[in-house]
Structure formats: structure tokens, C-alpha cells
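Listed here are the chains, written in short residue letters.
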Amino acid sequence: MTSGPLVTTATVHSPRPRIVLDPRTVLVHILLIGTVTFSLHTLAATAVFVLLTAAFIAVVASPRGGAAMVVLWVVFAGLRASIELWAAATPLSLLIPTLTVFVRIGPLMGAGLLFTRALSVSRFVAALERLRVPRAVTVTLAVMLRFTPTIGYELRQIADALRTRGIPLTPLTLLRAPARTAELVVVPLVQRCTTIADELSAAAITRGLERPGTRTTRIPLRFSAADAAYLALLAVATAVVVGVEGGVVR
């Protein structure tokens, strides 16, 4: 086992939430986002839900992530509306179903941001063990939480390496030579992901993840006033979205 890659993997994902909440509070918000997203049917309610979700993310996790979520959703919604108004009889109309899906599931981007930005692996695992979640589920989610940002880090490293060889990784490069670009990116990415997966497994075994019995933790988990205020605001925001969906709030 080498120390270099392990240090790199560990430093890739070190979330620093702006407001530290109990991980169970964040999990409630993530589950609520998924439930409400697939219950909405009007564009107005979805837009309000995206804005409110982005506001929570900006306060708790990442202002830049919240802003990017809103911008991306507006782009998809604007493209769909533009095609419906001016290009409904053209081949571009084939994009409408795909854009509609992205508009509908837009709030799920917030769930992903909360999962990767507002939760640390240690606190997340401690919360799941406190909730008596099966060990197999806990390990799977912890590895996913640790591994997902690593992919982005490795992609940036690959892009830097290609740039030094005079092959900039841009959308134009992908359009000109899609097969060649995919080969230059996918092959090293798969190799690195395989190596990192082995390193994560070794690190987990070193920390006693396979040890049977109840695990102890030094991480304090408690429901604070910030959690109560957050859940209260979350309930108000959900009521507003439901009111917009039902036509009560206009």
C-alpha cells in the first residue's frame, strides 16, 4: 500500500458545510426533495421548489452550487419553452421530451449537492449507524459519498495531462473526434478508479470496518436549535410549494 494515492484520495473530498447540521436532518431534506419532486405537475410549482431548494443549499452547503442549480434549470426550461414557441414543427421538437425530463427532475440536483457538500463521510456513517441501518447499506453509501467527488478530481487531472500534450479537453474536441477523445479520457479514468477503489477498501479494513459488533464513535450527534429552525423553514417552504401546486398560492 502506497501512501501517496491514499493521501490524494482522502483530500479530494473534505466537505466543509457552511452550517453544521445533524446528518439526519440533511437526510430528511434529501428524502423530501425526492418525494416532492415526483409529486409536482405544474411548471410554476417546480420553479418555486427549485428556487427554495437552491436557497437552502446556498445557506447550508454551497452558494455557488445553489446558483449553478438555478441557472442550469432555467437554461433547460428556457430551451424547452423556446422550442415549443418557435421550433415546434422542426426536428428540434424531438428534444422537448428530454428537456421536459430535465425540467421535472431539476430539484434532484439539490439532493445531489446536499449529499456531497453538506455531509461528511464520518458524520454520515455515524448517523446511519445510530439509525441502525444495515452495515451493507452504510458501507455502500459511504463509499459512494467518498468516491463520487474523486471522479471529478481525476477528470480534472486527465484534462490537465491532455492539455500538456496539446489536446485540450473541450466540447469542440469531443465533437471533432468523439471516439478518440473518449478513449483518451475513459481508459485512464477506469484505471485510476480501479486503483482508488482498492485503496478505499484497504483504508476501510484498516479502520476496522469489517469488525463485528457495535462500533463506537467520537463524533457527537445531537439535534440542535439550528436543526429545529432548519426543519421548520423546510416545512414552511414545502407548504408554499404545495400551495402553488394546488393553486392556493398565486
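Sequence positions are assigned chain by chain, starting from 1 and proceeding in written order. Totals for whole chains, interfaces and linings use all residues, but because this is a predicted model, local features are given only for residues with pLDDT of at least 70 and pairs of side-chain atoms are given and counted only at 80 or more. As a convention, hydrogens and water are excluded, and side-chain values are obtained from all of the structure's heavy atoms.

**Side note on helix α8 (residues 135–164)**
Reasoning step 1: With 30 residues, α8 should cover 44 Å at 1.5 Å per step; its first-to-last C-alpha distance of 44 Å lies within 8% of that length.
Reasoning step 2: For every residue, the accessible area (1.4 Å probe, protein chains only) is compared with the maximum for its type, and the residue is labelled buried under 20%, exposed over 50%, or partly exposed between those bounds. The secondary structure listing takes helices from DSSP runs of H or I that are at least 4 residues long and strands from runs of E that are at least 2 residues long, numbered from the N terminus. By the burial criterion, the buried members of α8 are Thr-138, Ala-142, Leu-145, Arg-146, Phe-147, Thr-150, Glu-154, Ile-158, Ala-159 and Leu-162.
Reasoning step 3: Positive backbone phi, approximately 80°, marks Gly-166, located one or two places after α8. For a helix, the expected span equals 1.5 Å multiplied by the number of residues minus one.

**Focus: the packing of helix α3 (residues 43–60) against helix α11 (residues 225–246)**
Two measures define how a pair of helices packs: the angle their axes make with one another and the distance between the axes.
Reasoning step 1: The geometry of α3 relative to α11 is characterised by a closest axis approach of 8 Å and an angle of 165° between their N-to-C directions. Accordingly, the angle class assigned to the pair α3 and α11 is roughly antiparallel. In terms of crossing hand, the pair formed by α3 and α11 is right-handed. Every residue of α11 that contacts α3 at Ala-44, Ala-45, Val-48, Phe-49, Leu-52, Phe-56 and Val-60 is listed here: Tyr-230, Leu-233, Leu-234, Ala-237, Val-240, Val-241, Val-244 and Glu-245.
Reasoning step 2: The nonpolar class holds Ala, Val, Leu, Ile, Met, Phe, Trp, Tyr, Cys and Pro. Asp, Glu, Lys and Arg form the charged class, and all remaining residues, Gly among them, are polar. Class assignment for the residues of the contact of α3 with α11 results in 14 nonpolar, no polar and 1 charged. For helices, the fitted line uses only the C-alpha atoms of the stretch in contact; every axis is such a line through C-alpha atoms, and the angle between N-to-C directions lies from 0 to 180 degrees. For classification, angles of less than 35 degrees are called roughly parallel, those exceeding 145 degrees roughly antiparallel, those between 65 and 115 degrees roughly perpendicular, and all remaining angles oblique. By convention the crossing between two helices is left-handed if the near helix lies anticlockwise of the far one by an angle smaller than a right angle, and right-handed if it lies clockwise. By definition in these notes, contact holds between two residues if any of their heavy atoms fall within 4.5 Å.

**Points about the confidence of the model for the protein**
Reasoning step 1: The predicted model of the protein has a mean per-residue pLDDT of 81, with 90% of residues at 70 or higher.
Reasoning step 2: The quantity called pLDDT is the predictor's confidence in a given residue, expressed from 0 to 100. Per-element confidence in the protein ranges from a low mean pLDDT of 42 for helix α1 (residues 3–12) to a high of 90 for helix α4 (residues 63–86).
Reasoning step 3: Note that residues 1–14 has pLDDT below 50 and, in this model, 22 contacts with residues that lie over four places away or in other chains.

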